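Overview (structure and organization)
Below, each chain spelled out in residue letters.
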Amino acid sequence: MDRTTRPLVIIAAFAGSLAIGLLVTLWLLGGLRGATAPAAIGGPFRLTDQTGQTVTEKNLVGRPSIVFFGFTHCPDVCPTALFEMSEVLRAMGPDAGKLNAYFVSVDPERDTSSVMKDYIASFDPHLKGLTGSPDEIARMISAYRVYAKKIPLKDGDYTMDHTALIYLMDKNGNFVRPFDLKRKPEEAAADLKRYL
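Thresholds, definitions, all that
Residues numbered from 1 in each chain as written. Predicted model: local features only at pLDDT ≥ 70, side-chain atom pairs only at ≥ 80, totals over all residues. Heavy atoms only, no water. Core = buried A, V, L, I, M, F, W, Y, C linked by side-chain atoms within 4.5 Å. Buried < 20%, exposed > 50% of the residue type's maximum accessible area, 1.4 Å probe, protein only. Helix = DSSP H or I, 4+ residues; strand = E, 2+ residues; numbered from the N terminus. Contact = heavy atoms within 4.5 Å. 1 Å grid on protein atoms, 1.4 Å probe; cavity = no way out; pocket = protein on both sides within 12 Å on 5 of 7 lines; lining within 4 Å. Points joined across faces, edges and corners; volume = space filled by probe spheres on them.

Per an unreviewed UniProt entry, the protein goes by Thioredoxin domain-containing protein and derives from Afipia broomeae ATCC 49717.

This is the structure in C-alpha cells:
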C-alpha cells in the first residue's frame, strides 16, 4: 500500500465504523422501524427503591421520568451521569418534585437496596435507586433495550459494561428520546419542564 492510498483506507474504515455505529443506535432507539412507529422502549417492570418501596411501570404514569441504567461500583460514567442528573434536578427548583428520576442497577448481585441507599445519598434527594432480583433486572433491561454485560477482571472481581443513555419518558410512560445532559443544567431543566 503506497502513501497516497493509506489515508484513503483509514478514512474509509473510519466512515464505515461511523455508519455502523449510527445504524446500531437507530436500531436501539427504534428509528429503523419506520417514521410512524414509536420506539418500542419500556414496558412492565417491578423493582424496589432504596427505601424498600416497590416501583413499577405504573409509577411512570402521571409525570415525566428520566431513567439511567448503571451500577454502584462504576468508576466514572455512572457517578458522572448521576451528578449531572442531580445538577439538572437542582436547576429545576420546586418543579423537580414533578418528575421521576431513576437510577436502575444492572448489577443486582452487588446492588442491594441498602447498597443503593448508601450510594444514592451522595446525589439529589429526588433521585431514586432501583434494584431487584437478577430476573427482575433482566426483564427491565430487556424492555428498555439496555446492553449490560458482566466483564471479569484479573483479580477475580468484575465490572459491568452497559448502555449509558438517559431515557426520557413522557407522562404516559412512553419513551420520548435519549435525554442530553451535556449542556448547562439550566438548559436541560428548561427542556424537561416542557414535559411537566
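Having seen it, we continue.
Quick word on the nonpolar core
Ranked by size, the top nonpolar core spans 50 residues in total, and within it Ile66, Phe69, Met85, Tyr144 and Tyr167 carry the most contacts. The greatest single-element share of this core, amounting to 7 residues, is contributed by helix 2 (residues 77–92). Residues in contact with Ile66, not counting those within four places in the same chain, are Met85, Leu99, Asn100, Ala101, Tyr102, Ile166, Tyr167, Leu168, Phe179 and Leu192.

Remarks on the layout of surface pockets
What the largest pocket holds in volume is close to 180 Å³. As for the largest pocket, its lining consists of 13 residues, and the residues nearest its centre are Glu84, Ala164, Ile166, Leu181 and Lys182. A total of 4 residues in the lining of the largest pocket trace back to one element, the largest contributor, which is helix 2.

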